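Understanding the architecture of this molecule
Read off the chains here:
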Amino acid sequence: MGIKALAYPVPEHANNLGWSLGGITAVAFVILLVTGIYIAQFYNPMPEDANQSVRDLVTGVWLGGFARALHYWAAQAMFVVALLHLLRVFFHASYKKPREGNWVVGAAMFLLTFLAVFTGTVLKWDQEGYEALIHNLDVAELLGGAGVWFTSELTDRVPILLRLYSAHVVIIPGLVLLLFVWHALLVKRHKISTHPEISVPEVETPEPFTAHLKRVAAFGLVLLGVLSVLGVLVPPVVGPTPVGGIEVTRPLWMFWWFFPMEEWFGVASIAYVIAGVFGLIFLVPFLDRSPKRRWRERKLALGAAVVLLLALAAITVQVWVTSPKGH
């Protein structure tokens, strides 16, 4: 089976929690795949039946409510852990030559995770999901032909909810899997980056990557346990069937950092802010070309990142305090 090919050496510093966040993100993705396959057996992606099929899943299917809750919390965990992984890589400047390409691949997977959470929000077809879709349609219309896939203008035979469902269960996971394989192959090719604070890497005792996978599996079991507890104690609600023409909910917290932009600067600002933030993420290895990797020597790059994060965090807190609550 070629398993021995995975036994390439991993430096000692990579066997802690911080340097295992990429693997933990993969564990969250596997949880999403397993629970998603189960949920898909009972979900109806047609607009007239979608919301009720979610209710039937929760109330009438064996372990249906738990599967949905685990899926819900695993999605948020994947987003959070992927973000922490990006921040760890950024802090240690592990994106620098020759690993620029792997940063871009990782950033693409992070963007796909963001899109997966959005499509999943719409699929439950309650008031919150409907309002999220309406905002998406408003932005897509401003993009003209570039946004036609996200509108109902592409075809009048297939509801947009059904197309979002196909994106959620086929297109996005498929792309994530392809990029993950590419990501892993690049890690194997260039090896895990050295620690910027360890001047003599030879003093470390390397272990095979298979041993590293065992640690990731242990962290993954802890993650599964935590998510299971959350799923039982804090299950996601099933909102009401949507009503058009009103806006009474705020979206999931992952979208709060651009949620008030429409009110402040108009609908177009949502597209600009999202494109700007993710564009900066993709451009990181090309904007910071210095070979220096220690954080003390990268004050400009770290300072810019802190300012951006604080701005997004401030907007998020503002939404939490002042915006309408979800159902």
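Now for a description of the structure that goes with this document. (Residues numbered from 1 in each chain as written. Predicted model: local features only at pLDDT ≥ 70, side-chain atom pairs only at ≥ 80, totals over all residues. Heavy atoms only, no water.)

Grouped burial of nonpolar side chains is what soluble globular proteins tend to show. Membership of the largest hydrophobic core comes to 71 residues, with the highest contact counts inside it found for Trp103, Val122, Leu227 and Ile281. Excluding residues within four positions of it along the chain, Trp103 makes contact with Leu86, Val89, Phe90, Tyr95, Ile281, Phe282, Val284 and Pro285. Ranked by size, the runner-up nonpolar core spans 6 residues in total, among them Tyr8, Ala14, Ile192 and Phe209. (Core = buried A, V, L, I, M, F, W, Y, C linked by side-chain atoms within 4.5 Å. Buried < 20%, exposed > 50% of the residue type's maximum accessible area, 1.4 Å probe, protein only. Contact = heavy atoms within 4.5 Å.)

Moving on, we get to the pattern of salt bridges. Oppositely charged side chains may form a pair once their charged atoms are brought near each other. For the structure on display, the rule yields 7 salt bridges. Arg289 is the salt-bridge partner of Glu100, the closest N and O atoms lying 3.4 Å from each other. Of this pair, Glu100 sits in helix H4 (residues 100-123) while Arg289 sits in the loop between helix H9 (268-287) and helix H10 (299-322), placing them 189 residues apart in sequence. Classification of Arg289 as exposed rests on a relative accessible area of 52%. A salt bridge links Arg298 to Asp288; the shortest N-O distance between them is 3.7 Å. Placement of the pair is Arg298 in the loop between H9 and H10 and Asp288 in the loop between H9 and H10, with a sequence separation of 10 residues. For the residue pair Arg298 and Asp288, the accessibility class agrees, reading buried in each case. (Salt bridge = Lys/Arg side-chain N within 4 Å of Asp/Glu carboxyl O. Helix = DSSP H or I, 4+ residues; strand = E, 2+ residues; numbered from the N terminus.)

Right, let's talk about the packing of helix H3 (residues 64-91) against H10 for a bit. The description of two packed helices rests on the angle between their axes and on the distance between the axes. Relative orientation of the contacting elements H3 and H10 amounts to 155°, with a least axis distance of 11 Å. Judged by the angle between their axes, H3 and H10 are roughly antiparallel. Seen from H3, the contacting residues are Leu87, Phe90 and Phe91; seen from H10, they are Ala301, Leu302, Ala305 and Leu309. Its residues assigned to classes, the contact of H3 with H10 comprises 7 nonpolar, no polar and no charged. (Axes fitted to C-alpha atoms, helices over the stretch in contact; angles between N-to-C directions. Parallel < 35°, antiparallel > 145°, perpendicular 65-115°, else oblique. Nonpolar A, V, L, I, M, F, W, Y, C, P; charged D, E, K, R; others polar.)

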